[in-house]
Amino acid sequence: MTIPGFDHRRVTVADGVTLHAAVGGSGSPIVLLHGFPQTHLMWRHVAADLATDHTVICPDLRGYGASDKPAETGPDVYSKRTMAADVVALAAALGHERFALAGHDRGALVAFRAGLDHPAAITHLACLDVLPTLDMWDVMRGVTAAVGFHLYLMAQPPGLPEQLIGASPDAFFGHFLDLWTNDPAAIPAEVRAAYLDACRAAVPSIVADYRASAGIDVEHDRADLAAGNRLSMPVTVLQQDWGAALGYDAAAVWRAWAPDLRHDTVTSGHFMAEESPAEIARALRELVAR
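Note that the structure is predicted; figures quoted are calculated from it, not measured.

Our focus in this paragraph is the overall build of the chain. Of regular secondary structure, the chain possesses 14 helices and eight strands. Oriented by its inertia axes, the alpha-carbon framework of the chain measures out at about 45 × 40 × 40 Å. When burial is assessed residue by residue, the chain has 59% of its 290 residues classed as buried. Residue pairs in contact within the chain that sit at least 24 positions apart in sequence constitute 76% of those at least 6 positions apart. A total of about 11000 Å² of accessible surface is found on the chain, and carbon and sulfur atoms cover 56% of it. Where the 21 positive side-chain charges of the chain centre and where its 34 negative ones centre are 2 Å apart.

Written out as structure tokens, the structure is:
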């Protein structure tokens, strides 16, 4: 499945790593990064909307979808720093040295890292339904942490997580597609099947992405926090009301990283770009107008 009206490119972004991307529209560029357990297809509605006045680039992240899935030979292979560099290289190869960037879930963590590491390239930044990695681990405590059991499972050393998930991948990935949506119709059967097909073929690299977030990504966030590095561009964060559910002030957490912040809660489920695409497209247009 694909985004109607978009072209598809394969672009080399690092030694031995090529990303697949859907590209459409014309105008100022905006890059949209998907989350777990999905591919670039999650942006199909929002991308089509934005393409009326923007050049829209929707890649599959390294390790996901139709993009390359290098073997995990060290912590940097799937660090968000490495994945953010992929995105900047992709945009540059397509002719865009500066661009707006929006990410959902895992893609939002990549976008966050891109904003810190490449402030000259990222003009505007949107993060959907995450906290920065360092803060995410800080708020996950006690029995409420059960909602993030997959974070702890995939944080384990190589071997066991891959074996367990690989034994029943459709049940594992399908659990999140079912649990995290308020409107099941937002992910129709053929789209759900496409997500499951993609995840089934990417178990080791998906686990490696999550494993990095329990190690090297934390180190990178901690170093930036200690050095006083902050997001210098306008930032929009859209989240479910996780702060109320888990007992923290989500806007305050984000404000510590983003001085120019707009933080809003949404009533849709986690897959907000599919459940409320008009709302998300409107928020992104408002962001790039700031």
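Through backbone hydrogen bonds, the strands of a sheet pair up, either in parallel or in antiparallel fashion. Here eight strands make up an open sheet; going across it, the order is S1-S2-S4-S3-S5-S6-S7-S8 and the pairing mixed. Two strands close off the open sheet at either side, each with one partner strand: strand S1 (7–14) and strand S8 (261–265). Each adjacent strand pair in this sheet contributes to an overall mean axis angle of 20°, direction not counted. Pairing geometry for strand S7 (residues 235–239) and S8, over five bridges, is parallel. Of the residues in S8, the one forming a bridge with Val-237 is His-263. Its contacts with the sheet put helix H14 (residues 277–288) on strand S3 (28–33), strand S4 (54–59), strand S5 (99–104), strand S6 (122–128), S7 and S8, and the angle it makes with S6 is roughly 150°.

This brings us to the side chain of Asp-86. The residue Asp-86 is located in helix H2 (residues 80–93) in this model. Polar side-chain contacts of Asp-86 include one of 2.7 Å to the side chain of Arg-62.

Attention shifts here to the packing of H2 against helix H3 (residues 106–117). Interaxial distance between H2 and H3 falls to 8 Å at its minimum, and their mutual angle equals 80°. Relative to H3, the element H2 is oriented roughly perpendicular. Here Lys-80, Arg-81, Met-83, Ala-84 and Val-87 of H2 lie close against H3, whose contacting residues are Arg-106, Leu-109, Val-110, Arg-113, Ala-114 and Asp-117. For the contact of H2 with H3, the per-class residue count stands at six nonpolar, no polar and five charged.

We now examine unusual backbone geometry. Keep in mind that most residues, glycine aside, have a negative phi and that most peptide bonds are trans. Cis peptide bonds are those with omega within 30 degrees of zero, and the linkage from Phe-36 to Pro-37 qualifies with -5°. Inspection of the secondary structure puts Pro-37 in the loop between S3 and helix H1 (44–50). In the Ramachandran plot, Asp-105 falls in the positive-phi region, its phi being about 60° despite a non-glycine side chain. Here Asp-105 shows up in the loop between S5 and H3. In the Ramachandran plot, Asp-129 falls in the positive-phi region, its phi being about 60° despite a non-glycine side chain.

All chains considered together, the criterion is met by 13 aromatic pairs. Cluster of aromatic residues (ring-pair linked, three or more members): Phe-36, Phe-149, Phe-172, Phe-173, Phe-176, Trp-180, Tyr-210 and Phe-271. Here the guanidinium or amino end of Arg-106 rests over the ring plane of Tyr-210, the centre of that ring lying 3.8 Å away. Its end group placed over the ring of Trp-257, Arg-230 keeps NZ or CZ at 5.7 Å from the ring centre.

Glancing now at the pairing of S6. Counting buried positions over the seven residues of S6 gives seven, a clear majority of the element. Where S5 and S6 come together, five bridges link them in parallel fashion. The partner of Ala-102 across the bridge, within S6, is Ala-126. In this view, the connection linking S5 to its parallel neighbour S6 by way of H3 has right-handed handedness.

Turning next to the nonpolar core. Ranked by internal contacts, the top residues of the largest apolar core, which has 99 residues, are Leu-32, Trp-43 and Leu-101. At seven residues, H3 tops the list of elements feeding residues into this core. Not counting the four nearest positions on each side in its chain, Leu-32 is found in contact with Trp-43, Val-46, Ala-47, Leu-50, Val-56, Ile-57, Cys-58, Pro-59, Ala-102 and Leu-284.

What follows concerns the environment of Thr-123. In this fold, Thr-123 is placed in strand S6. On a C-alpha basis, the gap between Thr-123 and Ile-30 in space is 9.5 Å, while along the polypeptide they are 93 residues apart. Non-local contacts of Thr-123, meaning those with residues more than four positions away in its chain, are made with Arg-98, Phe-99, Ala-100, Met-233 and Pro-234. A polar contact is formed between the side chain of Thr-123 and the side chain of His-124, at a distance of 2.9 Å.

Thresholds applied
Residues numbered from 1 in each chain as written. Predicted model: local features only at pLDDT ≥ 70, side-chain atom pairs only at ≥ 80, totals over all residues. Heavy atoms only, no water. Helix = DSSP H or I, 4+ residues; strand = E, 2+ residues; numbered from the N terminus. Buried < 20%, exposed > 50% of the residue type's maximum accessible area, 1.4 Å probe, protein only. Contact = heavy atoms within 4.5 Å. Areas by Shrake-Rupley, 256 points an atom, 1.4 Å probe, with all protein chains shown as cover. Lys, Arg positive; Asp, Glu negative; His and termini not counted. Charge placed at Lys NZ, Arg CZ, Asp CG, Glu CD. Pairing = 2+ DSSP bridges. Axes fitted to C-alpha atoms, helices over the stretch in contact; angles between N-to-C directions. Polar contact = N/O pair within 3.5 Å; in protein donor to acceptor, adjacent residues only side chain to side chain. Parallel < 35°, antiparallel > 145°, perpendicular 65-115°, else oblique. Nonpolar A, V, L, I, M, F, W, Y, C, P; charged D, E, K, R; others polar. Phe/Tyr/Trp six-rings, centres within 6.5 Å; stacked < 30°, edge-to-face > 60°. Lys NZ or Arg CZ within 6 Å of the ring centre and 35° of its normal. Right-handed = clockwise from strand over helix to strand, strands pointing away. Core = buried A, V, L, I, M, F, W, Y, C linked by side-chain atoms within 4.5 Å.

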